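Geometric and topological summary
The lines below spell out each chain.
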Amino acid sequence: MKTYYDRRAFEYDDWWLGRGRFADRERPGWDEEVDVLAELIGALPPARTLDVACGTGFLTRHLRGDVVGLDQSERMLTVAREQAPAARFVHGDALELPFGDGEFDRVFTSYFYCHLEPAERTRFVAEARRVAPQLVVVASVPGAGDPVERYEERILNDGSRWTVLKRVFTGEQLAAELGNGEVLHEGRWFVVVRA
């Protein structure tokens, strides 16, 4: 997984922006919902926020306050530093956060939690709770007939093929899994839960 995302760094935003391999995908309402997601993130109260597995900083740039992005990929962080110049970025492991207890007000993460195996999920939530009292998770919602957990084949622009665990959630499912979560948004494409 780590190698896959490192190699995908300079093409990752194609998924968000519907470019490259994603240009021909039918995603009705996608752009509008990405805008809603950006507005929702920007409307979160300014806080000391840690964006875990921040990737290219595509969503990090909308967070307000004292923002730190963490990712295991230096290539992702190279892009993130350009997209979110107001944030500080740290190379590190999302399952062993290199920060002190209570160092942040909020942990934010998008499209990371959905790739974790059960033991990793438990470890991540414990780490998030250790460094901040609030956790905000962005994930995908299931499409019609989609299994909620599956392994997907992903192909990068260089032709390499990767198998990735993908989980999708209704707002209710994600809120329950995170424990007493509040659904901030549930649309056709995205769900956002604060716990």
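The notes below deal with the structure included here. On a predicted model such as this, the values are computed, not experimentally measured, just so you know.

Turning our eyes to something else, we now look at the pattern of salt bridges. On inspection of all chains with the given rule, the structure shows 15 salt bridges. Put simply, E74 and R81 hold a salt bridge, and the shortest N to O gap is 3.8 Å. Close ionic contact of R161 with E153 constitutes a salt bridge, the shortest N to O distance being 2.9 Å. Among the residues examined, E153 registers a relative accessible area of 52% and is labelled exposed. Linked through salt bridges whose partners overlap, the residues forming this network are R121, E149, R167 and E177.

Turning our attention to helix α6 (residues 171-178). Three or more residues of α6 are buried, namely G171, L174, A175 and L178. Buried residues of α6, seen end-on, are gathered within an arc of 100° and therefore sit on one face of the element. Exposed residues pointing more than 90 degrees away from the buried face of α6 are listed as E172 and A176. After α6 finishes, the residue G179 shows a positive phi value of roughly 90°.

With that settled, consider the layout of surface pockets. Reported here for the largest pocket is a volume of approximately 630 Å³. Forming the walls of the largest pocket are 30 residues, and the residues nearest its centre are W15, F22, R25, E152 and R154. Counting only elements with at least two residues in the lining of the largest pocket, the list comes to α1 (2-8) and β6 (149-155). Here the element with the most residues in the lining of the largest pocket is β6; it accounts for five residues.

This part takes up the pairing of strand β8 (residues 182-186). Where β8 lies against strand β9 (residues 190-194), four bridges are found, and the strand directions are antiparallel. Each bridged residue has a counterpart across the sheet, and for H185 the counterpart in β9 is V192. Hairpin connection from β8 to β9: three residues lie between these consecutive antiparallel strands.

A word on unusual backbone geometry. The phi angle at A53 is positive, at roughly 60°, despite the residue not being glycine. Considering the arrangement of structural elements, one finds A53 in the loop between β1 (49-52) and β2 (67-71).

Backbone hydrogen bonds hold the strands of a sheet together, and the pairing may be parallel or antiparallel. Ordered in space as β3-β2-β1-β4-β5-β9-β8, the seven strands form an open sheet in which the pairing is mixed. Looking at which strands have only one partner, the edges of the open sheet turn out to be β3 (88-91) and β8. On average, adjacent strands in this sheet sit at an angle of 20° to one another, irrespective of strand direction. Sheet topology note: the β1/strand β4 (residues 106-110) ladder contains four bridges and is parallel. Across the sheet, the residue bridging to D51 is F108, located in β4. Running at roughly 145° to β4, helix α5 (residues 118-131) makes contact with β1, β4 and β5 (134-140) of the sheet.

So, about the side chain of R106. If you trace the backbone, R106 turns up in strand β4. Buried within the structure, R106 lacks any salt-bridge partner; its nearest side chain of opposite charge belongs to D105, at an N-O separation of 7.3 Å. A polar atom in the side chain of R106 sits 3.1 Å from the side chain of T49. With sequence-adjacent residues up to four places away left out, R106 is seen in contact with L44, P45, A47, R48, T49, L50, A132, Q134 and V136.

Conventions used here
- Residues numbered from 1 in each chain as written.
- Predicted model: local features only at pLDDT ≥ 70, side-chain atom pairs only at ≥ 80, totals over all residues.
- Heavy atoms only, no water.
- Salt bridge = Lys/Arg side-chain N within 4 Å of Asp/Glu carboxyl O.
- Buried < 20%, exposed > 50% of the residue type's maximum accessible area, 1.4 Å probe, protein only.
- Helix = DSSP H or I, 4+ residues; strand = E, 2+ residues; numbered from the N terminus.
- Arc of directions from axis to C-beta.
- 1 Å grid on protein atoms, 1.4 Å probe; cavity = no way out; pocket = protein on both sides within 12 Å on 5 of 7 lines; lining within 4 Å.
- Points joined across faces, edges and corners; volume = space filled by probe spheres on them.
- Pairing = 2+ DSSP bridges.
- Axes fitted to C-alpha atoms, helices over the stretch in contact; angles between N-to-C directions.
- Contact = heavy atoms within 4.5 Å.
- Lys, Arg positive; Asp, Glu negative; His and termini not counted.
- Polar contact = N/O pair within 3.5 Å; in protein donor to acceptor, adjacent residues only side chain to side chain.

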